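Below are the chains, spelled out letter by letter.
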Amino acid sequence: MKSLDARLHPVLAGSAVRLHDSDARVDEAIADEKELGNATKRLVKRLASLQRLFWADGRYALLVVLQGRDASGKDGTIRRVFGKVNPQGCTVAGFKVPTDLEASHDYLWRVHQRVPPRGMIGIFNRSHYEDILVPRVRQLVPESVWSARHDQINGFEQMLAANGVVILKFVLHISDAEQKRRFEDRLHDKTKNWKFRAGDLDDRVLWPKFLDAYTEILRRTSTDWAPWYIVPADDKGVRDYFIARTVTDRLEQLQLRYPPPDPAIEGLTIA
Ligand code: ATP
């Protein structure tokens with residue numbers, strides 16, 4: 001999977017990368033779909049065993065942030081990449097339009113509560129980045145308000161990192177054509193109708209504005225302590241491999257270890 005591995009790098013802080021110009025498709029990587037699928041299977045298995053060690057080690061929490069337009073595959077990623085992890089060791093938090101209670105607090109209030117504790121993997125299906133994207137694109141608050149949130153979020157994530165939270169952020173990037181295909185599928189397949197909201201089409205029309213907003217987010221909030229990765233997500237196999245590989249590599253880097261045994265059990269025999 002060398003051609004794909006070569007793309008596994010975080011967005012550099014302050015980089016001029018534009019989501020508009022990023023590939024949503026990586027054809028060379030899917031030349032051998034079977035090999036790709038097998039590689040992902042091995043990683044998913046590895047992730048499951050790393051999670052056990054991660055829990056036992058107990059020094060860190062892992063926060064995986066998934067962002068992406070409608071039908072970009074956030075749900076599918078959770079199912080396919082994290083589906084083998086012990087459910088006791090993993091939480092998933094989805095962030096929708098804030099409720100009245102949530103909206104009456106600061107925007108990070110609901111987010112902070114869902115950050116995983118040490119030993120746990122937490123997945124955000126959408127996140128605090130919606131609090132920049134939506135108000136900006138829909139012009140709900142003045143620019144000074146949404147713009148300041150980039151630095152506020154950097155500070156928030158830096159504080160989490162200093163407290164043992166390892167953060168990885170992924171934007172699942174699909175093309176217009178692929179989103180159209182997936183929407184049509186949702187519209188025509190009765191078992192998928194429920195996934196489709198008429199409002200999804202409003203966001204589709206606004207996508208160029210979302211692209212600008214994402215581009216600024218990538219430039220301003222990809223940091224050493226909470227890097228962003230752009231995932232070419234038109235092909236689900238590529239998407240899953242990319243995320244499984246990045247997460248397992250990061251966990252391996254932590255040099256996790258089992259805690260030393262309780263001295264009281266030394267020399268014990270079981271009657
Ligand atoms: P899928 O992506 O699989 O289609 P979904 O994540 O879009 O599902 P929805 O029930 O449509 O699920 O709810 C998400 C909606 O909530 C999105 O339109 C998103 O922009 C919106 N949302 C999330 N957080 C905020 C926020 N802080 N402010 C405003 N809107 C938000």
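The written sequence of each chain sets the order in which its residues are numbered from 1. Thresholds applied to this predicted model are a pLDDT of at least 70 for local features of residues and 80 or more for the giving and counting of side-chain atom pairs; totals over whole chains, interfaces and linings are not thresholded and use all residues. With hydrogens and water stripped out, all remaining heavy atoms of the structure feed into the side-chain values.

Let us look at the sheet that holds strand β4 (residues 165-173). Strand pairing is defined by DSSP finding a minimum of two bridges between the two strands. Strands are runs of DSSP state E lasting at least 2 residues, helices are runs of H or I lasting at least 4, and numbering of each runs from the N terminus. Strand order in the open sheet formed by five strands is β2-β3-β1-β4-β5, with parallel pairing between adjacent strands. Each end of this open sheet is capped by a strand with a single partner; those strands are β2 (90-94) and β5 (228-232). Taken pair by pair, the neighbouring strands of this sheet meet at an average axis angle of 20°, ignoring direction. As judged from the five bridges shared by β4 and β5, these two strands associate in the parallel manner. Its bridge partner lying in β5, Val-171 is registered against Ile-230. Note on method: axes are straight lines fitted to C-alpha atoms, helices fitted across the in-contact stretch only, with angles between N-to-C directions ranging 0 to 180 degrees.

Soluble globular proteins tend to bury their nonpolar side chains together. Side-chain atoms within 4.5 Å link the members of a nonpolar core, which is a set of buried Ala, Val, Leu, Ile, Met, Phe, Trp, Tyr and Cys residues. Burial classes follow relative accessibility: with a 1.4 Å probe on protein chains only, a residue under 20% of its type's maximum area counts as buried, one over 50% as exposed, and anything between as partly exposed. By size, the foremost hydrophobic cluster in this structure holds 38 residues, and its most contacted members are Leu-62, Phe-170 and Val-247. Contact definition: two residues touch when any of their heavy atoms are within 4.5 Å. With residues near it in sequence (within four places) discarded, Phe-170 still touches Val-64, Val-65, Leu-66, Gln-67, Trp-228, Tyr-229, Val-231, Phe-242, Ile-243, Thr-246 and Val-247. Val-65, Phe-124, Val-165 and Trp-228 belong to the second largest nonpolar core, which has 33 residues in total.

Let's shift gears to helix α10 (residues 207-221). In this analysis, the expected span of each helix is defined as 1.5 Å times one less than the number of residues it contains. Here α10 spans 20 Å end to end across 15 residues, near enough to the 21 Å set by a 1.5 Å rise per residue. Along α10, the residues that are buried comprise Trp-207, Phe-210, Leu-211, Ala-213, Tyr-214, Thr-215, Glu-216, Ile-217, Leu-218 and Thr-221.

It is worth stressing that arrangement in space is one thing and function is another; only the former is reported here.
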